Amino acid sequence: ITNSTFTLMRGTAQVAGTVSYSGYTAVFTPLTNLLPGTEYTATITTGSLDLTGNSLAANYTWKFTTAAAQFTVGLSSSPLAGGTTTGGGLFNAGASVTALAVPNMGYSFLNWTENGVSVSIVDRYTFMVNANRTLEANFTLDPVGPSGPLGINLGSAADFVILAGAGVTNTG
């Protein structure tokens, strides 16, 4: 197998490269990286000879498709105590990704940023991935808790007393 008896095609365009050997194994090295998610056709022609000098009876052709490009989506929280994120990882190019930010008690979700630039104000951010991305979920300390204003932390206090100049009632 030589450069003249082996071809690699992308559609109708020939892929430039060289054939070399490692022992009895022929290795084709393209001059540029093959494209991700692309079908190629390889052919060994009848001009190739086996170790005893016999040529192939017919061209040997096969097709293969390279793996799709993959990208990493990294997620983080700021401040770290503000909440958690899910949805990051490794994805194929063109995949739909949903990053979810969940605030911890006492915090509210503010926005998603990438390189310091706001990209979404929605806690469930969905996008198509076509490059590596590093997103940060930003949280803010919430002066109002989920059931109203935050109360005073009484720590380990156990007994309480109410003093009133008039009657005290419990309205539920």
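Remember, it's a predicted structure, so these values are computed and weren't measured experimentally.

Undergrad: Got a minute to help me understand the overall build of the chain in this structure?
TA: Across its full length, the chain holds zero helices and 16 strands. For the chain, buried positions account for 23% of its 172 residues.

Undergrad: Even after reading the chapter, I still don't get the layout of surface pockets, so can you show me in this structure?
TA: Over the atoms, a rolled probe matching the size of one water molecule traces out where space is still vacant. The space that makes up the largest pocket amounts to roughly 230 Å³. In terms of lining, the largest pocket is formed by I1, Y21, Y24, T25, A26, I44, S48, L49, D50, L51, N54 and L56. Across the lining of the largest pocket, the residue classes break down as eight nonpolar, three polar and one charged.

Undergrad: Could you clarify how one ought to interpret the nonpolar core in this entry?
TA: Nonpolar side chains in soluble globular proteins tend to end up buried together. Grouped together as the largest cluster of nonpolar side chains are 13 residues, with contacts concentrated most on A101, F109, W112, F127, V129, L135 and A137. Contributions of two or more residues to this core are made by β7 (70-78), β10 (96-103), β11 (107-114), β13 (124-128) and β14 (133-141). Ignoring anything within four residues of it in the chain, the contact list for A137 reads S76, S77, S78, T85, A101, F109, N111 and W112. Among the nonpolar cores identified, the runner-up in size contains seven residues, and V15, V19, Y40 and A42 belong to it.

Undergrad: Is there a simple way to think about unusual backbone geometry in this case?
TA: If a residue is not glycine, its phi is most likely negative; likewise, a peptide bond is most likely trans. A cis amide bond links S78 to the next residue, P79, at an omega of -5°. Inspection of the secondary structure assignment puts P79 in the loop between β7 and β8 (83-86). Look at N115: it is not a glycine, yet its phi comes out positive at around 55°. Inspection of the secondary structure puts N115 in the loop between β11 and β12 (117-120). The class of N115 is exposed, set by a relative accessible area of 76%.

Undergrad: I keep staring at the sheet that holds β8 and nothing clicks. Help me out?
TA: What links the strands of a sheet is backbone hydrogen bonding, and the strands pair in either a parallel or an antiparallel sense. An order of β8-β10-β13 is seen for the three strands of this open sheet, with the pairing classed as antiparallel. Each of the sheet's edge strands pairs with one partner strand only, and the pair in question is β8 and β13. On average, each strand axis in the sheet is tilted by 15° relative to the strand beside it, whichever way the strands run.

Undergrad: Before we go on, may I ask you to explain the sheet that holds β14 in this structure?
TA: Reading across the sheet, the five strands line up as β9-β7-β14-β11-β12 and stay open at both edges, with mixed pairing between neighbours. The outermost strands of the open sheet, each flanked by one partner alone, are β9 (89-92) and β12. Direction aside, the axes of adjacent strands within the sheet are offset by 40° on average. The pairing of β7 with β9 spans four bridges and is classified as antiparallel. What sits directly across from Q70, in β9, is N92.

Undergrad: Where do I start with the pattern of salt bridges in this structure?
TA: Oppositely charged side chains can pair when the atoms bearing their charge come close. A full pass over the atoms with the stated rule returns two salt bridges. One salt bridge in this structure joins E39 and K63, with 3.9 Å as the shortest N-O distance. With E39 in strand β5 (residues 39-44) and K63 in strand β6 (residues 60-65), this residue pair connects regions lying 24 residues apart in the sequence. Since its relative accessible area comes to 57%, K63 is described here as exposed. A salt bridge links R133 to E114, with the shortest nitrogen-to-oxygen separation between them at 2.6 Å.

Undergrad: How should I be thinking about the environment of L80 in this particular structure?
TA: Inspection of the secondary structure puts L80 in the loop between β7 and β8. Classification of L80 as exposed rests on a relative accessible area of 71%. Measuring from C-alpha to C-alpha, the distance between L80 and N104 comes to 9.9 Å, with 24 residues separating the pair along the chain.

Undergrad: When you look at the pairing of β10 in this model, what are you seeing that I'm missing?
TA: Look at any regular strand and the pattern is simple: side chains alternate between the two faces of the sheet. The sheet contact formed by β8 and β10 spans four bridges and is antiparallel. Residue pairing for β10: T84 is matched across the bridge by V102.

Analysis parameters
Residues numbered from 1 in each chain as written. Predicted model: local features only at pLDDT ≥ 70, side-chain atom pairs only at ≥ 80, totals over all residues. Heavy atoms only, no water. Helix = DSSP H or I, 4+ residues; strand = E, 2+ residues; numbered from the N terminus. Buried < 20%, exposed > 50% of the residue type's maximum accessible area, 1.4 Å probe, protein only. 1 Å grid on protein atoms, 1.4 Å probe; cavity = no way out; pocket = protein on both sides within 12 Å on 5 of 7 lines; lining within 4 Å. Points joined across faces, edges and corners; volume = space filled by probe spheres on them. Nonpolar A, V, L, I, M, F, W, Y, C, P; charged D, E, K, R; others polar. Core = buried A, V, L, I, M, F, W, Y, C linked by side-chain atoms within 4.5 Å. Contact = heavy atoms within 4.5 Å. Pairing = 2+ DSSP bridges. Axes fitted to C-alpha atoms, helices over the stretch in contact; angles between N-to-C directions. Salt bridge = Lys/Arg side-chain N within 4 Å of Asp/Glu carboxyl O.

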